[in-house]
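These are the residues of each chain, in order.
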Amino acid sequence: MTKIVLFISLFISSILSAQPGINFFANPNVHEIHINFYAANYYDSLTYYKEQGDQTGIEKYIGADVIINTDTITNVGIRFRGNASYNHPGTKKPVQLDFNEFVSGQEYDGLKKMNLNNGYLDPSQIREKLFMDMMRSLGMAAPRVGFAAVYFNGDYIGLYKVMETINKDFLSAYYNNNDGNLYKCEPNTPLTWEGNNQASYYDNAELKINDSINDWSDFVNLIYTINFSGNNFENDLRNIFNLDPYIKAWAANVVFGNLDSYVYLPHNYYLYHNEDTDKIEWITWDASLAFGVYAFLIVPNSIDFDILYLPNNAQTDRPLNFYILEDESLKQQYMGEICTFIKEEFYPSKLFPQIDSLGALIRP
């Protein structure tokens, strides 16, 4: 029995150690990341390529050596990233590290990429980690989040949130497969029907995996099913879409005040075609405005935000939520998830210790 227990422990340990990023994200401390650029005018180059990329859609990186704690990774691709967060004043821009850009197969802790988020509009710097940790603890698909003090060529830039990238590494760890279509639903993906031609949706989303094949039929079929199933909405949708996790994620966004999401502004999510189930999965992304940061969002009565909120013309502007609320059983399921979050997750005696712990960690 002792040998069996030891074998199982070693087996589980070997699986965990093989998961990309397990050493980095399991470390509860603030990491230290030094980015040592090769070019003297690196900041001008990063800015120029970001602005060009926004116009052309082509992402271009510049080279640097990166030291993460005590590990040095040479010839890493660095670029500025982000949309609204890029407008943060000063030098603390969101950054992506691509270990694989210039050296094929190069990784850090099994990770090919790493996103450094600047915490734009969140002076606490902990909203997103609190929200994502909560989602992951409940089994919902969401990226891991850590913290790092970041330096450019020796100059301290600031405290960043390190966000796990949604890519094949993430998909393998969460779904145990990674070759299905992955759609990044940016900048505006309301799931409104725009016809059978997949090109009509190219300004709504980006295909991140299998882009050379460029077959969006599963995406188009999902949108058609949402909009035209009528009385068979639930059954037809469940056949191609993992509906329950989405309803749970929707309730979490509402209770935790994360309105920069499909709830209010229809973006900040991924859709993945799970090969094992042949169903599309919902993955939450970018919750930096959770806990009621509205700022540039013009939300009437935001403190008393209606849990059954739908925008004007919701049948076309937010059809997924509209048709769920039209179905009484699904509406009750959603309301039940709201109640569960309020009773089991969103209350001071649970949140305050987590807030205090993260505050103590990053305050220095």
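Whatever comes next refers back to the structure up there.
Residues numbered from 1 in each chain as written. Predicted model: local features only at pLDDT ≥ 70, side-chain atom pairs only at ≥ 80, totals over all residues. Heavy atoms only, no water.

### Examining the sheet that holds strand 10 (residues 269–274)
Then, in step 1: Read from one edge of the open sheet, 4 strands run 9-8-10-11, paired in antiparallel fashion. Sheet topology places strand 9 (206–209) and strand 11 (279–284) at the edges, where each strand pairs with a single neighbour. Neighbour to neighbour, the strand axes of the sheet diverge by 25 degrees on average, direction disregarded.
Then, in step 2: Two elements, strand 8 (residues 182–185) and strand 9, share 3 bridges in a ladder whose sense is antiparallel. Opposite Lys184, over in strand 9, you have Glu206 as the bridge partner.
Then, in step 3: Along the sheet, helix 6 (residues 217–228) contacts strand 8, strand 10 and strand 11; its crossing angle with strand 10, the most-contacted strand, is approximately 110 degrees. (Pairing = 2+ DSSP bridges. Helix = DSSP H or I, 4+ residues; strand = E, 2+ residues; numbered from the N terminus. Axes fitted to C-alpha atoms, helices over the stretch in contact; angles between N-to-C directions. Contact = heavy atoms within 4.5 Å.)

### Remarks on the sheet that holds strand 5 (residues 113–117)
Then, in step 1: Pairing is mixed around the closed barrel formed by 7 strands, whose spatial order is 1-2-3-4-5-7-6. Between one strand and the next, the sheet's axes are offset by a mean angle of 40 degrees, whatever the strand orientation.
Then, in step 2: Across 8 bridges, strand 6 (residues 145–152) lies against strand 7 (residues 155–163) in antiparallel orientation. Note that in strand 7 the partner of Gly146 across the bridge is Val162.
Then, in step 3: Strand contacts of helix 4 (residues 127–137): strand 5, strand 6 and strand 7, with the helix running at about 145 degrees to strand 6, the strand carrying the most contacts.

### Notes on the pairing of strand 7
Then, in step 1: Counting buried positions along strand 7 yields 7 of 9 residues, so the element is predominantly enclosed.
Then, in step 2: Pairing geometry for strand 5 and strand 7, over 3 bridges, is antiparallel. Counterpart to Leu116 in the pairing with strand 7 is Val162.
Then, in step 3: Counting the residues that bridge the hairpin from strand 6 to strand 7 gives 2 residues, and of these Asn153 lies at a positive phi of roughly 45 degrees. (Buried < 20%, exposed > 50% of the residue type's maximum accessible area, 1.4 Å probe, protein only.)

### Considerations on helix 3 (residues 42–56)
Then, in step 1: The terminal C-alpha atoms of helix 3, which comprises 15 residues, lie 21 Å apart, in line with the 21 Å expected from a rise of 1.5 Å per residue.
Then, in step 2: Among the residues making up helix 3, those that are buried are Tyr42, Ser45, Leu46, Thr47, Lys50 and Gly53.
Then, in step 3: One or two residues past the end of helix 3 sits Gly57, with phi positive at roughly 80 degrees. (Expected span 1.5 Å × (residues − 1).)

### Regarding the nonpolar core
Then, in step 1: Grouped together as the largest cluster of nonpolar side chains are 68 residues, with contacts concentrated most on Phe241, Leu271, Trp282, Ile283 and Leu320.
Then, in step 2: Per-element tally for this core: the top contributor is helix 8 (residues 243–255), with 9 residues.
Then, in step 3: Those residues in contact with Leu271 that lie beyond four places of it in its chain are Asn181, Leu182, Tyr183, Cys185, Leu191, Phe219, Leu222, Phe241, Ile280, Glu281 and Trp282.
Then, in step 4: With 29 residues, the next largest nonpolar core counts Ala64, Tyr86, Phe99 and Leu111 among its residues. (Core = buried A, V, L, I, M, F, W, Y, C linked by side-chain atoms within 4.5 Å.)

### What to know about the side chain of Ser229
Then, in step 1: You can see Ser229 is positioned in the loop between helix 6 and helix 7 (233–240).
Then, in step 2: The exposure class assigned to Ser229 is buried, which follows from its relative accessible area of 11%.
Then, in step 3: Sequence-distant contacts of Ser229, that is, excluding residues within four places in its chain, are made with Tyr224 and Asp236.

### Some remarks on the packing of aromatic side chains
Each aromatic ring pair is summarised here by two numbers: the centre-to-centre distance and the angle between the ring planes.
Then, in step 1: Taken as a whole, this structure holds 39 aromatic pairs when the rule is applied.
Then, in step 2: Consider the rings of Tyr151 and Tyr156, whose centres lie 5.2 Å apart with planes at 55 degrees: the pair is tilted.
Then, in step 3: Residue classification places Tyr151 among the buried positions, given a relative accessible area of 18%.
Then, in step 4: Taking 5.3 Å as the distance between ring centres and 70 degrees as the angle between the ring planes, the aromatic pair formed by Trp193 and Tyr224 counts as edge-to-face. With Trp193 in the loop between strand 8 and strand 9 and Tyr224 in helix 6, this pair connects stretches of sequence that are 31 residues apart.
Then, in step 5: An aromatic cluster is built from Phe241, Tyr246, Trp250, Tyr262, Tyr269, Trp282 and Tyr334, whose rings are joined through pairwise contacts.
Then, in step 6: Taking the ring centre of Tyr86 as reference, the NZ or CZ of Lys50 above it sits at 4.5 Å.
Then, in step 7: Above the ring of Tyr86, the side-chain terminus of Lys93 is found at 4.9 Å from the ring centroid. (Phe/Tyr/Trp six-rings, centres within 6.5 Å; stacked < 30°, edge-to-face > 60°. Lys NZ or Arg CZ within 6 Å of the ring centre and 35° of its normal.)

### So, the pattern of salt bridges
Then, in step 1: Taken as a whole and assessed by the stated rule, the structure comprises 14 salt bridges.
Then, in step 2: When the shortest N-O distance is used, the salt bridge between Glu107 and Lys112 registers 3.3 Å.
Then, in step 3: Taking relative accessible area as the criterion, Lys112 reaches 33% and is therefore assigned partly exposed.
Then, in step 4: Each of Glu107, Lys112 and Asp169 takes part in a single network of salt bridges with overlapping partners. (Salt bridge = Lys/Arg side-chain N within 4 Å of Asp/Glu carboxyl O.)

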